[in-house]
Amino acid sequence: MSSDSIIELTDVGKTYRLYRKPSDRLLESLPFVKQKSDSFVALKPLSLKIGKGEVIGLLGRNGAGKSTLLQLICGTLQPSSGTLNVQGRIAALLELGSGFNPEFTGRENVFLNGAILGLGRKELEDRFEEIHAFSEIGDAIDQPVKTYSSGMFVRLAFAVAVCVDPDILVIDEALSVGDGAFAKKSFDRIMRLKESGKTILFCSHNLYQVEAICNRAIWLHQGEVIAQGVPADVINKYESYLYGIDQGDTGVPAPEVAPGNDRPQFKTVQITLDDQPATQTQVPVGVTGQSCLQVTVSWKGGDGYPSPSFAATLHSADGKLIASAGSHIDQPDCQGQSAEKELTLTLPQLPLLKGEYWVEVYLLCEQGIMFYDQQIPAARFKMDSSVCALEQGVFHIPRQWS
Ligand SMILES: Nc1ncnc2c1ncn2[C@@H]1O[C@H](COP(=O)(O)OP(=O)(O)OP(=O)(O)O)[C@@H](O)[C@H]1O
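Read on for an overview of the structure.

Reading the values: the criteria
Residues numbered from 1 in each chain as written. Predicted model: local features only at pLDDT ≥ 70, side-chain atom pairs only at ≥ 80, totals over all residues. Pairing = 2+ DSSP bridges. Helix = DSSP H or I, 4+ residues; strand = E, 2+ residues; numbered from the N terminus. Axes fitted to C-alpha atoms, helices over the stretch in contact; angles between N-to-C directions. Buried ≥ 20, exposed ≤ 12 C-beta atoms within 10 Å, placed from the backbone. Near = placed C-beta within 6 Å. Nonpolar A, V, L, I, M, F, W, Y, C, P; charged D, E, K, R; others polar. Parallel < 35°, antiparallel > 145°, perpendicular 65-115°, else oblique. Left-handed = near helix turned anticlockwise from the far one by under 90°. Contact = placed C-beta atoms within 7 Å. Core = buried A, V, L, I, M, F, W, Y, C linked by C-beta atoms within 7 Å.

Describing the sheet that holds strand E3 (residues 55-59)
Next up, step 1: Across the sheet, six strands lie side by side as E5-E6-E7-E3-E8-E9; this open sheet has mixed pairing. The sheet is open, and its two borders are formed by strand E5 (90-93) and strand E9 (224-229), each paired with just one other strand. Neighbour-to-neighbour, the strand axes of the sheet open up by a mean angle of 15°, direction not taken into account.
Next up, step 2: Sheet analysis places E3 next to strand E7 (residues 199-203), joined by four bridges and oriented parallel.

Looking at the sheet that holds strand E16 (residues 355-364)
Next up, step 1: In spatial order, the strands read E14-E13-E16-E17; together these four strands make up an open sheet with antiparallel pairing. This sheet does not close on itself; its edge strands, each paired only once, are strand E14 (321-326) and strand E17 (371-383). For this sheet, the mean angle separating the axes of adjacent strands, direction not counted, is 15°.
Next up, step 2: Two strands pair when backbone bridges link them, and strand E13 (residues 309-316) and E14 are joined in this way by five bridges, in the antiparallel orientation. By the bridge assignment for E14, Thr-313 is matched with Ser-324.

A look at the pairing of E9
Next up, step 1: Counted residue by residue, E9 has six buried out of six residues, so it is predominantly covered.
Next up, step 2: Relative to E9, strand E8 (residues 216-221) is paired through five bridges, and the arrangement is antiparallel. Considered in E9, the bridge of Ile-218 is made with Gln-228.
Next up, step 3: Joining the antiparallel neighbours E8 and E9 is a turn of two residues, in which Gln-222 adopts a positive phi near 45°.

Describing the site of the ligand
Next up, step 1: Neighbouring the ligand are Tyr-16, Leu-18, Phe-40, Ala-42, Gly-60, Asn-62, Gly-63, Ala-64, Gly-65, Lys-66, Ser-67 and Thr-68.
Next up, step 2: Residue assignment for the shell around the ligand shows that the elements contributing at least two residues are strand E1 (5-19), strand E2 (37-51) and helix H2 (66-74).
Next up, step 3: A per-element tally of the shell around the ligand places H2 first, with three residues.
Next up, step 4: Looking at the shell around the ligand residue by residue, the classes come out as five nonpolar, six polar and one charged.

Describing the packing of helix H4 (residues 121-135) against helix H5 (residues 150-163)
Next up, step 1: The N-to-C vectors of H4 and H5 enclose an angle of 140°; their axes lie 8 Å apart at closest approach. With respect to H5, the element H4 is oriented oblique. Crossing handedness for the pair H4 and H5: right-handed. Together, Arg-127, Glu-130, Ile-131, Phe-134 and Ser-135 of H4 and Arg-155, Leu-156, Ala-159, Val-160 and Cys-163 of H5 make up the contact between the two elements.

Re H2
Every α-helix winds through 3.6 residues per turn, so residues three or four apart in the chain are directed the same way.
Next up, step 1: Most of H2 is tucked away, with seven of its nine residues classed as buried.
Next up, step 2: Considered for burial, the residues of H2 that qualify are Lys-66, Leu-69, Leu-70, Gln-71, Leu-72, Ile-73 and Cys-74.
Next up, step 3: After H2 finishes, the residue Gly-75 shows a positive phi value of roughly 85°.

Topic: the nonpolar core
Next up, step 1: Core analysis: the largest hydrophobic core is formed by 69 residues, its most contacted members being Ala-161, Val-170 and Phe-202.
Next up, step 2: Val-170 has contacts with Leu-70, Ile-73, Cys-74, Ile-90, Ala-92, Leu-93 and Leu-201, leaving out every residue within four places of it along the chain.
Next up, step 3: Counting residues in hydrophobic clusters, the runner-up holds 32 residues, among them Phe-310, Ala-311, Tyr-372 and Ala-379.

As structure tokens, then:
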């Protein structure tokens, strides 16, 4: 697992066996009996790296494989192929009430769930009041959860998930349940977790929510990633596809990820600010508007492919894309000529105002459409707040007064 990833999937896929009758399952297990099942691919083999602090939104129509992917990451579903590596405490809101025992009271379920998440009794006792208050279910906390309404169920499950200080929070459509006030409170809590650097995976049909919360969106269709990247871009493509369906277009979208195992992949990504290395965990100090940002990438594979293009994007702390540079746009002289499979992008100045920023890097096809590889985020940095301390906004505009 690379040091910047908290979740790493390598060729993870899920195929279900479908039996016409329950007895076929038994029959099939006997030697010399012909296969009695059909297979259904819910998720095609997928490789994905998710960095610490990333907020990922999954998009896709019903049955696209969103829940399957989330369940595989949470470990509630076993993959049929590939390997999966998840680091840290993962709190999940998957199906309604999953992880709750219906016979137990809300209070008992809080302790049961907390223990499953790895919290000790004392830790849970300390957090119980916060969980109870957040859930707003009052005295019902001492009633068996089988008597709860679906709204109460979600509120308690949500309260446990966000109050146990998870490293990774996985939410499957939970925000759409519950009344307006609770949904708003949940949203605020998720934003707080996001600000504190937690990794969040979020699946929703509400595209506005995905754009507001996430800094990467992944569009799944029939178990395959069609597009991923900056939420606004992916949502745009997804909406065009939905619009096409409304207009009678039944075509299946073509995945943007190039097929084949030998597609170009990053070999090294080196980012420096004034020659100080910057990574997701190593944050350079004393970065000012005069600082020089340099990104050098090298890649491997891709023999037989046209020389790939390389792009870097700059994001503010709230995930907004504020600037980008791509070799497919700038067409530098060195593009396509390097036998070394290496490119360096230099930003000689960073006219940014105080705050935290991050850099994402992408390896794309020569037209900048298909994604081959990416690192999100590849580096973080903080602008020195003593410079332009009173100026508001994201970047410094050169100006003249008279
Ligand atoms: N246990 C199962 N056995 C067989 N097929 C299954 C099983 N669970 C899910 N599937 C199928 O896998 C596909 C992906 O399902 P999944 O629940 O991941 O989709 P989704 O994108 O989350 O959809 P939704 O938005 O409706 O929740 C669907 O076609 C579904 O019918």
